[in-house]
Amino acid sequence: MSPPVAPPGWSRWLVPPAALSVHLSIGQAYAWSVFKAPLESALDISGTLSALPFQLGIVMLGLSAAFGGTLVERNGPRWAMTVALVCFSCGFLLSALGAWTGQYWLIVLGYGFVGGIGLGIGYISPVSTLIKWFPDRPGMATGIAIMGFGGGALIASPWSTRMLESFGSGSSGIAAAFLVHGLVYAVFMALGVLLIRVPRPAPQDAAGTDATAGAGGVQVSARNAVRTPQFWLLWLVLVMNVTAGIGILEKAAPMITDFFGDTSTPVSVTAAAGFVALLSAANMAGRIGWSSTSDLIGRKNIYRVYLGVGALMYLLIALFGDVSKPLFVLCALVVLSFYGGGFATIPAYLKDLFGTYEVGAIHGRLLTAWSTAGVLGPLIVNWIADRQEEAGKQGPELYGTSLFIMIGLLVVGFAANELVRPVHAKHHVEEAARVPESV
């Protein structure tokens with residue numbers, strides 16, 4: 001299922017909306033915390049267990065992106081978007097069945113495993129195409145699309161909360177909410193499938209530059225890329241940045257409730273859902289804002305901001321977060337903008353280092369870092385919170401240790417970014433050898 005090649009005169013600005021229709025849908029994953037408390041109550045499960053569908057979904061995102069990256073390059077973005085549509089929607093339908101029958105394993109299988117495959121294939125589906133359409137501004141181009149993934153919860157969080165209020169927060173209400181999600185997202189993602197186009201062979205930008213050319217003519221295959229230290233340094237950067245953000249994001253709603261539960265201004269369930277939406281907005285804004293900034297100041301410099309300033313924000317939350325609600329919210333918003341910006345900038349960083357030859361496949365392989373972080377982040381935060389609660393602690397004390405661990409991870413990521421250097425010429429691919437590899 002190859003997408004039609006764009007006819008002469010086709011506007012490249014029609015491509016980002018196609019990508020956004022998919023990314024805004026699969027970005028619902030960031031609103032999973034809205035379902036945590038209802039699932040824990042309805043099915044009598046722990047906070048650690050209620051995070052399992054989300055964790056498995058992120059694991060499958062990375063694995064499916066890694067193993068499917070070359071297939072996406074070979075078969076094109078329309079094929080990839082169709083696979084994402086089917087898997088993501090079917091994942092919700094299976095989850096609805098699991099909630100209706102009280103079989104939690106079906107929710108884990110549906111949302112985590114099947115839906116997670118849709119997450120991974122859908123996430124990488126437009127990346128290579130966008131970079132080829134916008135060789136002059138790769139950070140901005142990928143930021144526009146990946147912004148949708150960060151902003152998905154901005155829609156899904158209040159929408160899901162309203163459905164749970166209307167349908168009820170019991171098993172049947174959760175099942176109805178999952179069912180509606182699956183059907184509506186299928187329709188919305190179909191718009192991207194129909195709209196996507198690929199550039200004509202050897203497109204040129206306004207300056208006459210071949211859009212398939214990488215930075216400085218460097219082109220590296222996916223097979224060679226994973227043999228370079230640059231790939232693994234960026235893998236480490238992504239693991240550290242994502243682990244430090246995703247653990248807090250996954251538990252955002254209960255976290256802000258716990259931080260201010262014993263104060264004169266406790267946070268209601270509705271306000272906590274609003275906080276999740278605010279984090280989603282910061283995540284979304286960071287993806288387009290910071291990635292576009294990287295086109296001006298460079299990829300390494302922008303990651304210095306993400307990791308260095310991000311560590312400072314976590315330190316402020318750890319030390320003063322329970323003293324001032326505005327400070328807590330502001331620091332969290334900055335951290336989530338950096339977290340989102342890191343995701344949106346990484347494809348352009350890869351393009352700078354490895355060229356556009358198989359950047360989609362390389363990006364897919366790098367997203368195994370997201371899988372690793374998807375397990376580590378929620379596990380660290382939930383496991384420590386559960387242990388602290390068992391020890392009789394409450395409020396901010398549940399998260400202090402986790403926050404300092406996150407600071408340490410960001411420092412490690414900062415050091416890894418400093419070690420990134422241009423790829424050695426021995427890994428470059430000659431023009432005659434540039435034939436897509438098979439998995």
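This text goes with the structure placed above it.
Residues numbered from 1 in each chain as written. Predicted model: local features only at pLDDT ≥ 70, side-chain atom pairs only at ≥ 80, totals over all residues. Heavy atoms only, no water.

Asks: What should I look at first to understand the overall build of the protein chain in this one?
Replies: Looking only at helices and strands, the protein chain features 18 helices and 0 strands. In terms of overall dimensions, the protein chain is globule-like: its C-alpha atoms have a radius of gyration of 21 Å, near the 22 Å expected for 439 residues. With the C-alpha coordinates aligned to their principal axes, the bounding extent of the protein chain is approximately 65 × 45 × 35 Å. Out of the 439 residues in the protein chain, the part that is buried amounts to 58%. A sequence separation of at least 24 residues applies to 85% of the contacts in the protein chain between residues at least 6 apart. For the protein chain, the accessible surface area stands at approximately 16,000 Å², while carbon and sulfur atoms represent 68% of it. Averaging the coordinates of the 24 positive side-chain charges in the protein chain and doing the same for the 22 negative ones gives two points 9 Å apart. (Helix = DSSP H or I, 4+ residues; strand = E, 2+ residues; numbered from the N terminus. Rg over C-alpha atoms; globule rule 2.2 N^0.38 Å. Buried < 20%, exposed > 50% of the residue type's maximum accessible area, 1.4 Å probe, protein only. Contact = heavy atoms within 4.5 Å. Areas by Shrake-Rupley, 256 points an atom, 1.4 Å probe, with all protein chains shown as cover. Lys, Arg positive; Asp, Glu negative; His and termini not counted. Charge placed at Lys NZ, Arg CZ, Asp CG, Glu CD.)

Asks: Help me out: how do you make sense of unusual backbone geometry in this one?
Replies: Trans peptide bonds make up most of the peptide bonds, and negative phi angles are found at most residues other than glycine. Residue D44 is not a glycine yet carries a positive backbone phi of 55 degrees. Tracing the chain through its elements places D44 in the loop between α2 (33-43) and α3 (47-50).

Asks: I tried to follow a nonpolar patch on the surface on my own but got confused; where do I start?
Replies: On the surface, a cluster of nonpolar side chains totalling about 560 Å² of accessible area is made up of L312, L315, L319, F320, V323 and F404. Among the elements that take part in the nonpolar patch, helix α14 (residues 299-320) stands out by supplying 4 residues, more than any other. With respect to the helices, strands and loops of the structure, L319 is situated in helix α14. (Patch = residues over 30% accessible without salt bridge, like charges linked within 9 Å, V, L, I, M, F, W, Y side chains within 5 Å. Salt bridge = Lys/Arg side-chain N within 4 Å of Asp/Glu carboxyl O.)

Asks: Help me out: how do you make sense of helix α18 (residues 400-418) in this one?
Replies: Given 3.6 residues per turn, any residue in an α-helix points the same way as the ones three and four places further on. Helix length check: α18 (19 residues) gives 28 Å between terminal C-alpha atoms against 27 Å at 1.5 Å per residue, within 8%. Those residues of α18 that sit buried are S402, L403, M406, I407, L409, L410, G413, A416 and N417. (Expected span 1.5 Å × (residues − 1).)

Asks: Can you help me understand the side chain of S291 in this one?
Replies: Here S291 lies in helix α13 (residues 269-297). With relative accessibility at 0%, the residue S291 sits in the buried group. Of note is the side chain of S291, whose polar atom sits 3.1 Å from the backbone oxygen of G139. At 3.4 Å, the side chain of S291 and the backbone oxygen of I288 are in polar contact. Each residue touching S291, except ones within four places of it in the same chain, is listed here: G139, M140, G143, G286, Y306, A344 and T345. (Polar contact = N/O pair within 3.5 Å; in protein donor to acceptor, adjacent residues only side chain to side chain.)

Asks: Would you mind showing me how to read α13 here?
Replies: Taking 1.5 Å per residue as the helical rise, α13 with its 29 residues ought to reach 42 Å, and the 40 Å between its terminal C-alpha atoms agrees with that figure. Maximum bend of α13: about 30 degrees, positioned at G286. Once α13 ends, the next one or two residues include G298, with phi positive near 100 degrees. (Bend = angle between axes of the 7 residues up to and from the residue.)

Asks: How should I be thinking about the pattern of salt bridges in this particular structure?
Replies: Opposite charge on two side chains allows them to pair when their charged atoms are near. Applying the stated rule across the entire model yields 8 salt bridges. Among the salt bridges present, the one from R162 reaches E165, with a minimum N-O distance of 3.7 Å. Placement of both R162 and E165 in helix α8 (residues 138-167) is noted, with a separation of 3 residues, approximately one turn of the helix. Neither R162 nor E165 differs from the other in exposure class; each is exposed. Among the ionic pairs, D295 bridges to R299, the shortest N-O distance being 2.7 Å. With a relative accessible area of 27%, D295 lands in the partly exposed category. Among the residues examined, R299 registers a relative accessible area of 9% and is labelled buried. Taken together, the shared-partner salt bridges in this structure form one network comprising R12, D136 and R137.

Asks: It is not clear to me how the environment of L327 should be interpreted in this structure. Could you clarify?
Replies: Summarising the element assignment, L327 is placed in helix α15 (residues 325-354). Sequence spacing of L327 and L316 is 11 residues, and the spatial spacing of their C-alpha atoms is 8.2 Å.

Asks: Please clarify how the environment of I248 should be interpreted in this entry.
Replies: Relative to the helices and strands, I248 resides in helix α11 (residues 229-250). Along the backbone, I248 and A277 are 29 residues apart, and their C-alpha atoms lie at a distance of 14 Å. Apart from residues lying up to four places away in sequence, I248 is in contact with M255, Y314, V381 and L403.

Asks: Quick question: what am I supposed to make of the packing of α14 against α18 here?
Replies: Think of two packed helices as two axes; the pair is described by the angle between the axes and how far apart they sit. The contact between α14 and α18 brings their axes to 9 Å, and the two run at 165 degrees. The angle between α14 and α18 falls in the class roughly antiparallel. The two elements α14 and α18 cross, and the hand of that crossing is left-handed. Residues K300, Y303, R304, L307, G308, G310, A311, Y314, L315, I317, A318 and L319 of α14 form the contact with α18, whose participating residues are L403, F404, M406, I407, L410, G413, F414, N417 and E418. Residue composition of the contact of α14 with α18, grouped by class: 14 nonpolar, 4 polar and 3 charged. (Axes fitted to C-alpha atoms, helices over the stretch in contact; angles between N-to-C directions. Parallel < 35°, antiparallel > 145°, perpendicular 65-115°, else oblique. Left-handed = near helix turned anticlockwise from the far one by under 90°. Nonpolar A, V, L, I, M, F, W, Y, C, P; charged D, E, K, R; others polar.)

Asks: Which parts of the structure should I look at to understand the environment of A369?
Replies: Within the fold, A369 resides in helix α17 (residues 368-390). For A369, a relative accessible area of 0% gives the class buried. A C-alpha to C-alpha distance of 7.0 Å links A369 and G62, two positions 307 residues apart in sequence. In this structure A369 touches W235, L238 and V239, once residues within four positions along its chain are discounted.

Asks: Looking at this structure, I do not really get the packing of aromatic side chains. What am I missing?
Replies: What characterises a pair of aromatic rings is the spacing of the ring centres plus the angle enclosed by the ring planes. Per the counting criterion, the structure on display carries 28 aromatic pairs. Ring geometry for F92 and F178: centres 6.0 Å apart, planes at 50 degrees, overall tilted. Highlighted residues: F92 in helix α5 (residues 77-101) and F178 in helix α9 (residues 171-195), separated in sequence by 86 residues. As far as burial versus exposure is concerned, F92 and F178 are alike and both buried. When the ring of Y123 is compared with that of W370, the centres are 4.9 Å apart and the planes differ by 75 degrees; the resulting orientation is edge-to-face. Highlighted residues: Y123 in helix α6 (residues 104-124) and W370 in helix α17, separated in sequence by 247 residues. For the residue pair Y123 and W370, the accessibility class agrees, reading buried in each case. Each residue in the set W32, F35, F88, F92, Y111, W159, F178 and Y185 is aromatic and connected to the rest through ring pairs, giving one cluster. The ring of F260 has K325 lying over it, and the distance from NZ or CZ to the ring centre is 5.4 Å. (Phe/Tyr/Trp six-rings, centres within 6.5 Å; stacked < 30°, edge-to-face > 60°. Lys NZ or Arg CZ within 6 Å of the ring centre and 35° of its normal.)

These results come straight from atomic positions and should not be treated as a statement about function.
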